[in-house]
Structures are given as C-alpha cells and as structure tokens.
Amino acid sequence: MGISTALLDVCIPSGIFCYRNYKKAENGEKARSTVAFAQGAKIVDAFTRYNDTTINTTNKALSIFNNYAKKYKAVDYAGKAVNWATHNVNPLICIASGVKVLTADDKTRTGISETGALAGMFLGEGLIKHFMPDYINEKNVSRLANKFKNKNFLKGICETLLKSGNSSKAASIAKGLLFVCGSITSYNIGKKIGNNYADRICTDLGLEHHEKINQKV
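Conventions adopted
- Residues numbered from 1 in each chain as written.
- Predicted model: local features only at pLDDT ≥ 70, side-chain atom pairs only at ≥ 80, totals over all residues.
- Heavy atoms only, no water.
- Helix = DSSP H or I, 4+ residues; strand = E, 2+ residues; numbered from the N terminus.
- Buried < 20%, exposed > 50% of the residue type's maximum accessible area, 1.4 Å probe, protein only.
- Contact = heavy atoms within 4.5 Å.
- Areas by Shrake-Rupley, 256 points an atom, 1.4 Å probe, with all protein chains shown as cover.
- Expected span 1.5 Å × (residues − 1).
- pLDDT = per-residue confidence, 0-100.
- Salt bridge = Lys/Arg side-chain N within 4 Å of Asp/Glu carboxyl O.
- Axes fitted to C-alpha atoms, helices over the stretch in contact; angles between N-to-C directions.
- Parallel < 35°, antiparallel > 145°, perpendicular 65-115°, else oblique.
- Left-handed = near helix turned anticlockwise from the far one by under 90°.
- Nonpolar A, V, L, I, M, F, W, Y, C, P; charged D, E, K, R; others polar.
- Core = buried A, V, L, I, M, F, W, Y, C linked by side-chain atoms within 4.5 Å.
- Polar contact = N/O pair within 3.5 Å; in protein donor to acceptor, adjacent residues only side chain to side chain.

Colleague: Report on the overall build of the protein chain, specifying residues and quantitative values.
Modeller: Counting its regular elements, the protein chain contains 10 helices and zero strands. Secondary structure elements of the protein chain, listed N to C terminal, follow the sequence α-α-α-α-α-α-α-α-α-α. A total of 217 residues make up the protein chain; the buried ones form 32% of that total. Relative to all contacts within the protein chain whose residues are 6 or more apart in sequence, the contacts with residues 24 or more apart total 72%. Accessible surface, the protein chain: about 13900 Å² in total, of which carbon and sulfur atoms supply 61%.

Listed below in structure tokens is the structure:
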C-alpha cells in the first residue's frame, strides 16, 4: 500500500530525468545540475505527499522546519527555493539551455540547435500527455491481462496484474517510461532539425567563412 500510482507517476520519469541531467552536468553542462536537483526534489516531494509510510514522519519534519523558517530567514528562503524548483523544472531547462548558448564558442549555431531541441521536446511531451491516457490506463491493462491470462508463458504476469491495484500501477510505470522515451526522442529530433537549419542559416549569413578566418587567426 505504500507505493501509490500518484507516487509512481512522479518518480518514474523524474528519476530517469534526474539521472540524465546529472550525467549532462558531469559532462560539462554545469547548469543542468539545477535541473537534476529540481527533478530530485520532485521525487522527495512526491514521497512526502503520496507514500503512506512517510506521510506522518514528513508532517512532523515539516512542522519542525516551519518553526525554524519563522525564526531564520535563510531557512525560509531555502525552503521556498526548493518548492519553486519542484514546480518549475521546464523553466530551469530553458535557463540551462540559455547558459549553454552563452558559454558556447559558436553561439549562433548552438542557439538555433537548442531552440529546435526544446521546441521538439515541449511539442512531443504535450502530444504524449494529451493522447497517452486514452491508451495506457488501468482499464486497458486489465483488458490485456484478461486476454492473455490463459497463455502459459504470460499466466503468472497476468494474474499479478489482475490483483487489486496492480493494473493501475503497471499503467503508471508504462506511462512514465513512455513519457521519458517520447521526451528524449522529441528532443533529439528537434535538435537534429535545429542543426540542419543552423547549417543553412550560418552558410547564408556567411558565418562559416567568418569562423574559418577566426580559427586561422
């Protein structure tokens, strides 16, 4: 009972995104560390809200935290910053991309590439959020489990899925994984399109020739 569908809805995608952004920060995109932090904060926040075994302990901890926040402004500001981060992951991603552009040697090309990547990601995520619940849900998971429960190699899995609450949790896990895959794919497609346009724009503006001269100098 401790793990709810609401908890899985947050933790599956946020956990993967947290790890990916952490690795990007390790590989030089330092601004991505704030995004990783925000995704991690979302997981912690989800546990405090949706996990039965932690709610009571969390409420006590929050009570202590709130008392300290009233006395110490730094604690209050820190709490507000964490709360803001958990609800504003996308703006932090945009800021991280902006930092990447500003610190890039080729700002024009990087700016176009990052714009394409973010546009693709947000468009893809929007479409997934809109259509996915119609296809991946508790009802459809139960329907598939009932359909294949007599198949020897799927019998055990189907019986597990048909137990109370399991089909909704399976749907949450599937939705989380699909959302991550769709987001990453959309980002990569958008980035590829952005790179193609960046090549054309830089060539048309004569930036390629200018960069080659600078490199020789």
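From this point on, the discussion continues.
Colleague: So what's going on with helix 9 (residues 166-204)? Which residues, and what values?
Modeller: Taking 1.5 Å per residue, 39 residues should reach 57 Å; helix 9 reaches 57 Å between its end C-alpha atoms and fits that length. Immediately downstream of helix 9, the backbone of glycine 206 shows phi near 75°, a positive value.

Colleague: Describe the confidence of the model for the protein chain, naming the residues involved and giving the relevant values.
Modeller: Chain-level statistics for the protein chain give a pLDDT mean of 82 and a share of 79% at 70 or above. Helix 10 (residues 207-216) is the least confidently modelled element of the protein chain, averaging 45 in pLDDT, while helix 6 (residues 107-135) averages 94, the highest of any element. Contacts from residues 57-62, a stretch scored under 50 in pLDDT, to residues over four places away or in other chains number one contact. This stretch, residues 209-217, has a pLDDT under 50; its non-local contacts, to residues over four places away or in other chains, come to two contacts.

Colleague: If you had to explain the side chain of serine 14 to someone new, which residues and values would you point to?
Modeller: Mapped onto the elements, serine 14 comes out in helix 1 (residues 5-26). A residue is classified by how much of its surface remains accessible, and serine 14, at 3% relative accessible area, is buried. If sequence neighbours within four positions are ignored, serine 14 has contacts with Gln39, Lys42 and Ile43.

Colleague: Requested: an account of the pattern of salt bridges, with residues and values cited.
Modeller: Under the defined criterion, the tally for this structure stands at six salt bridges. Of the charged contacts in the structure, one is a salt bridge between aspartate 106 and arginine 109, with a shortest N-O distance of 2.9 Å. With respect to burial, aspartate 106 and arginine 109 carry one shared label: buried. Linking aspartate 199 and arginine 109 is a salt bridge whose minimum nitrogen-to-oxygen distance equals 2.3 Å. Of this pair, aspartate 199 sits in helix 9 while arginine 109 sits in helix 6, and the two are 90 residues apart along the sequence. The class of aspartate 199 is partly exposed, set by a relative accessible area of 37%. Residues joined by salt bridges that share partners form a network here, namely Glu29, Arg32, Lys100 and Glu114.

Colleague: Give me the packing of helix 1 against helix 9: which residues, what numbers.
Modeller: In a pair of packed helices, the angle between the axes and the distance between the axes together describe the arrangement. With their axes 8 Å apart at the nearest point, helix 1 and helix 9 run at an angle of 30° to one another. As summarised for this structure, helix 1 and helix 9 are arranged roughly parallel, according to the angle between their axes. By crossing handedness, the relation of helix 1 to helix 9 is classed as right-handed. Residues Thr5, Leu8, Asp9, Ile12, Pro13, Ile16, Phe17, Arg20 and Lys24 of helix 1 form the contact with helix 9, whose own contacting residues are Ser168, Lys169, Ser172, Ile173, Lys175, Gly176, Leu177, Phe179, Val180, Ser183, Ile184 and Tyr187. Partitioned by chemical class, the residues of the contact of helix 1 with helix 9 number 11 nonpolar, five polar and five charged.

Colleague: For the nonpolar core, give the residues involved together with the corresponding values.
Modeller: Listed in full, the 12 residues of the largest apolar core are Ala31, Val35, Ala38, Ala85, Val89, Leu92, Ile93, Ala96, Ala117, Leu118, Met121 and Tyr187. Mapped by element, the contributors of at least two residues to this core are helix 2 (32-50), helix 5 (89-102) and helix 6. Counting residues per element, this core draws most heavily on helix 5, at four residues. Excluding residues within four positions of it along the chain, leucine 118 makes contact with Ile93, Cys94, Ser97 and Tyr187.

Colleague: I'd like a description of the side chain of asparagine 140, backed by residues and values.
Modeller: Mapping asparagine 140 onto the fold places it in helix 7 (residues 138-148). Residue classification places asparagine 140 among the buried positions, given a relative accessible area of 19%. Engagement of the side chain of asparagine 140 in a polar contact is seen with the backbone oxygen of tyrosine 135, the distance being 2.8 Å. Setting aside anything within four residues of it in sequence, one finds asparagine 140 in contact with Asp134 and Tyr135.

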